[in-house]
Protein chains: 2
Amino acid sequence: MADASSTQHRAALQALLGDAVRWDEESLAPHRRDTWCLAVLRGLRGQLTSGPLCVASPTTVEQIPILLAYATQHRLAVVPFGAGSGVCGAVLPAEHDIVIDMRRMSRFLELNETALTVRVQAGMMGNAFEAALNAAGYSAGHFPQSIDVSTVGGWVSTRAAGQYSTRYGNIEDMLLALEVVLPDGRVVRTRVGPRSATGPDLRHLFLGAEGTMGVITEVTLRIFPLPESHVGQAFSFASMHEGLQAIRLFTRAGWRPPVVRLYDSVETARLFPASSSGGNVLLLLLSEGPAALTAAETAACAALCTAQGGTAIGTDPVDHWIKERNLVPGFEPFLQGGLVLDTIEVATTWDHIDDLYREVIAALQAVEGTIMASGHSSHSYPQGTNIYFTFVARPGTPEQAEAMYLACWEQAMEATLRCHGTIAHHHGIGRLRRHWMGRELGVGVDVLRSIKHALDPNGIMNPGALIPE
Amino acid sequence: MADASSTQHRAALQALLGDAVRWDEESLAPHRRDTWCLAVLRGLRGQLTSGPLCVASPTTVEQIPILLAYATQHRLAVVPFGAGSGVCGAVLPAEHDIVIDMRRMSRFLELNETALTVRVQAGMMGNAFEAALNAAGYSAGHFPQSIDVSTVGGWVSTRAAGQYSTRYGNIEDMLLALEVVLPDGRVVRTRVGPRSATGPDLRHLFLGAEGTMGVITEVTLRIFPLPESHVGQAFSFASMHEGLQAIRLFTRAGWRPPVVRLYDSVETARLFPASSSGGNVLLLLLSEGPAALTAAETAACAALCTAQGGTAIGTDPVDHWIKERNLVPGFEPFLQGGLVLDTIEVATTWDHIDDLYREVIAALQAVEGTIMASGHSSHSYPQGTNIYFTFVARPGTPEQAEAMYLACWEQAMEATLRCHGTIAHHHGIGRLRRHWMGRELGVGVDVLRSIKHALDPNGIMNPGALIPE
């Protein structure tokens, strides 16, 4: 039920932007949350607001400053929205907020085959973007598990990482330039180039800002010619320690297979039953590039894996993973079955990785009600790797669900910080993790607040996300 | 001759910081400028100030907030100083400024051989840093030509690039964490890790800030085990176009030899006379890494170079370059001989690189008095490359020297911007290039000013550098 001021604002915004502004229930419902487990749970329980005020779906950059000016004048908050697949609650608009859905700005603008760059509007879906590149013989090399349900602009806003990151990099390595509408309506366009030393790199103000610093409208990314060859291989190890050491040693030697995934024994048994026996752990590698490179890389990695106690077990698990890799069940059936669950991706350096894996698993298992805790490494670097944990817990009563969920997070975050880890490898912060930002960043949180205030003095951009109160 | 207030400030600072504060002429003289050609010229002519107020050489982080608090209270400016080898005038203190020379904070703090990281104080000299790593079997992979006359902190402040960048990256790829004293005296320490998504990456506020955002006191960098093999090769091409195409094609294919240098015919004749004939251009490549990788890379690059019209000419030019690479004459003898000269490093994408090379050379030659204009590419990427131009001009009278120098820069910057280039590949901005910052960054300059004001509201940090008036 809209109050009088809501009715006025909606009419005023429609007068300014026409049918780009909607507030029917069908438009509002999919914009009340992202895919944060707790918001999904609240949605199932009918606990989300009746808002937002409206959903604006701009089709041109020029509409955005108009909208931001109105929001500033009337002290309304604005929540940029990609495809709603974030899992940390960066999108959770309050009742009177304006959501900007970017998906009608989804044009593929320019492919530059000489400079190996591509320019697209921020609202283009990831799968359509990659398909358009593939049709021309290229790839962005960016394969987040969410590729079917995320936008290119969302990748930048959340500091996304893709499954092929060990060779092709993460989104910050791929982003060559962007166009952003600042909270005051001015438009920043950074210049495309191979590298520059013209002062601090302004792209980084918006990479990972989760809509708190402006609205990303266009991005230019690196592209790669489709690789000449792909070579998969898989190894079985007796322990996570052995597998992690193997990864450490081949990245140390300078090898960069795009896909490096090490599943603990629980996940090996669940996801690769055909390759599971006696509590083994499974390492998948995929090399891509010129045939001479993949041949050398595959042989070198195999030698190092074997020396660390690994046993080569063919390519079936890699083929299986490629087929199944983006098939992830939603939270709803579990929540409806009385469970709470989530994934927690953190990272640390090689000298702390064994501790981090062990301590986070133990911390999750120590929460009363936890029925499963597992993890895999999915993004490796010469300095360390991430672990992507999954937990499932069964609250005694439905009323205990939120507290149990938050207890699992609390324990996992504390264990991560004890092991010198970062609290977020690639899912971002949103509302879920901002409580721990200060523990990781220290005075850096004040720096972030200062910058936020400098760019958004009225605080209209996505309040509640990212920056701790 | 110090005025009364200078005398008071010096005494007050000495009372606070003891003999870390000096103002004898021997201490002041080397801190009046960096190595910007125009400042060197002014120094030779006795045109620099009698300042700065003093030189403070802190030995602990704790001394720096004391100094910044005094500067804030008395509205004095503070100029961080590494080793003074910058070439764009970022260091040019006014008469009453306080220079902070970081070179007494030069300890090698921690080598982590498992995580492949090294932590050092910002004032450590580049050559000592690399030598300490080499002694332990590692390298930072960062070889700016200034390595003997620059500090580790200076590399970060200026967004440095090293000669081996095509494989090992530039300083922003190497910097894992830093400690910075903010203008208000608070100390930011970012966390070491392989990768993170905890909001915008705060390291980038200080990378390339040239001392305008704070004082960098400590850095943590990636390191690499010393490579198993090194393979050099050299090719002769008929034209820059052919050589540039060869580089474009092997970086496109995914090869990353650390050293990729293409000299135009003028520089080939001057620097490699034994390999020069008939106006050819010279390409030097050096591959490093596991023997299987360098073998594959060397063969693949050779095949692509030959296909582009290149002729393999053995390894002598590479050996010659390795020996001579950091032997660069200072500006003084040329200036004293009545010439003006400089180097101008810019970059653009592959689709504009032929235009950029041709137009900048033509622009420099069009300035009356230019007697030499040449260039080479020294940092290549899949998206494009830099060109490092050198010009020499002979003014009709000594009074014309500055105007002629600035005319050469003006013409080169305009040509670069016409060719979609960045005005600075790795020397930074300082005072020399800030006039063109707005042309490259547009609204981004206002963003930079907002951030500067947020972090340094009193404007005490290195005023006059980087940010256009």
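Nothing here was measured: the structure is a model prediction, and the numbers come from that model.

Asker: Help me out: how do you make sense of the sheet that holds strand β16 (residues 340–349) of chain B in this one?
Answerer: As a general point, the strands of a sheet are linked pairwise by backbone hydrogen bonds and lie either parallel or antiparallel. Residue and element names in this part refer to chain B. Within the open sheet, the seven strands sit side by side as β15-β12-β14-β13-β17-β18-β16. Their pairing is antiparallel. Two strands lie at the open edges of the sheet, namely β15 (311–312) and β16, each paired on one side alone. Bridge count between strand β17 (residues 370–377) and strand β18 (residues 384–393): six bridges; the pairing is antiparallel. Counterpart to His-376 in the pairing with β18 is Tyr-388. Sitting on the sheet, helix α12 (residues 316–324) touches β12 (229–237), β13 (259–263) and β14 (281–289), and the angle it makes with β14 is about 75°. Each of β16, β17 and β18 touches helix α14 (residues 350–366); the most contacted strand, β18, lies at about 5° to it.

Asker: How do you make sense of the interface of chain A and chain B when you look at a structure like this?
Answerer: Frequently, the measure chosen for interface size is the accessible area that the parts lose on association. Taken together, the 84 residues of chain A in the interface contact 84 residues of chain B. Summing both sides of the interface, chain A and chain B together bury roughly 6,500 Å²; the carbon and sulfur share of this comes to 61%. At the boundary of chain A with chain B, the tally comes to four salt bridges. For B:Asp446, the salt bridge goes to A:Arg186, with nearest N and O atoms at 3.1 Å. On inspection of chain A and its partner chain B, the count reaches 34 residue pairs in polar contact (both at pLDDT 80 or more). Going through the elements one at a time, α8 (171–174), β9 (187–189), α9 (240–252), α11 (291–307), β16 (340–349), β18 (384–393), α16 (437–441) and α17 (444–455) of chain A are the ones with two or more residues in the side of chain A that touches chain B. No other element matches α17(A), which puts eight residues into the side of chain A that touches chain B. Within the side of chain A that touches chain B, the residues separate by chemical class into 43 nonpolar, 25 polar and 16 charged.

Asker: So what exactly am I meant to see when it comes to the environment of A:Val61 here?
Answerer: Residue and element names in this part refer to chain A. In this structure, Val-61 sits in the loop between β2 (54–56) and α4 (63–73). Overall, the relative accessible area of 15% leaves Val-61 in the buried class. Through-space distance from the C-alpha of Val-61 to that of Met-105 is 8.5 Å; in sequence the pair is 44 residues apart. Among residues more than four places away in sequence, those in contact with Val-61 are Met-105, Glu-179, Val-181, Val-187 and Thr-217.

Asker: Whenever I open this one, the side chain of A:Arg261 confuses me. Can you help?
Answerer: All names here are of chain A. Counting through the fold element by element, Arg-261 comes out in strand β13 (residues 259–263). For the buried residue Arg-261, which engages in no salt bridge, the nearest side chain bearing the opposite charge is Glu-267, 6.9 Å off. Contacts of Arg-261, omitting those with residues within four sequence positions, involve Gln-163, Leu-282, Leu-283, Leu-284, Trp-321, His-376, Ser-377 and Ser-378.

Asker: I keep staring at the pattern of salt bridges and nothing clicks. Help me out?
Answerer: Two side chains carrying opposite charge are able to pair once their charged atoms lie near each other. Here the structure, examined in full by the defined rule, presents 42 salt bridges over all chains. Taking the shortest distance from any N to any O, the salt bridge between A:Arg159 and A:Glu172 comes out at 3.5 Å. Placement of the pair is A:Arg159 in the loop between α6 (152–158) and α7 (165–168) and A:Glu172 in helix α8, with a sequence separation of 13 residues. Exposure remark for A:Glu172: the relative accessible area of 16% places this residue in the buried category. Salt-bridge contacts for B:Glu402 lead to B:Arg42; the nearest nitrogen and oxygen are separated by 2.8 Å. In this pair, B:Glu402 is assigned in helix α15 (residues 401–418) and B:Arg42 in helix α3 (residues 37–44), connecting sequence segments 360 residues apart. Several salt bridges converge on common partners, so that one network encompasses A:Glu110, A:Arg119, A:Glu179, A:Arg189 and A:Glu218.

Asker: Could you clarify how one ought to interpret unusual backbone geometry in this entry?
Answerer: The general pattern is negative phi for most residues beyond glycine and trans for most peptide bonds. All names here are of chain A. Following Gly-51, the chain continues to Pro-52 via a peptide bond in cis, the omega torsion being 0°. Positionally, Pro-52 belongs in the loop between α3 (37–44) and β2. Residue His-420 is not a glycine yet carries a positive backbone phi of 60°. Tracing the chain through its elements places His-420 in the loop between α15 (401–418) and α16.

Asker: When you look at the packing of aromatic side chains in this model, what are you seeing that I'm missing?
Answerer: What characterises a pair of aromatic rings is the spacing of the ring centres plus the angle enclosed by the ring planes. Summed over the entire model, instances satisfying the criterion amount to 15 aromatic pairs over all chains. Summarising the aromatic geometry, the rings of A:Phe391 and A:Tyr405 are spaced 6.1 Å apart at their centres and angled 50° between planes, so their arrangement reads as tilted. Taken together, the positions of A:Phe391 in strand β18 and A:Tyr405 in helix α15 put the pair 14 residues apart, joining distant regions of the chain. Accessibility assignment for this pair places A:Phe391 and A:Tyr405 in one class, buried. On the numbers, 4.7 Å between centres and 50° between planes, the contact of B:Phe143 with B:Tyr164 is tilted. Of the two residues, B:Phe143 sits in the loop between β7 (138–139) and α6 (152–158) while B:Tyr164 sits in the loop between α6 and α7 (165–168), which places them 21 residues apart along the sequence. Within the aromatic cluster, the residues linked to one another by ring pairs are A:Phe143, A:Tyr164 and A:Trp321. The side chain of A:Arg325 reaches across the aromatic face of A:Trp321, ending 5.3 Å from its centre.

What counts and how
- Residues numbered from 1 in each chain as written.
- Chains lettered and ligands numbered in written order.
- Predicted model: local features only at pLDDT ≥ 70, side-chain atom pairs only at ≥ 80, totals over all residues.
- Heavy atoms only, no water.
- Pairing = 2+ DSSP bridges.
- Helix = DSSP H or I, 4+ residues; strand = E, 2+ residues; numbered from the N terminus.
- Contact = heavy atoms within 4.5 Å.
- Axes fitted to C-alpha atoms, helices over the stretch in contact; angles between N-to-C directions.
- Buried area = accessible area lost by both parts, 1.4 Å probe.
- Salt bridge = Lys/Arg side-chain N within 4 Å of Asp/Glu carboxyl O.
- Polar contact = N/O pair within 3.5 Å; in protein donor to acceptor, adjacent residues only side chain to side chain.
- Nonpolar A, V, L, I, M, F, W, Y, C, P; charged D, E, K, R; others polar.
- Buried < 20%, exposed > 50% of the residue type's maximum accessible area, 1.4 Å probe, protein only.
- Lys, Arg positive; Asp, Glu negative; His and termini not counted.
- Phe/Tyr/Trp six-rings, centres within 6.5 Å; stacked < 30°, edge-to-face > 60°.
- Lys NZ or Arg CZ within 6 Å of the ring centre and 35° of its normal.

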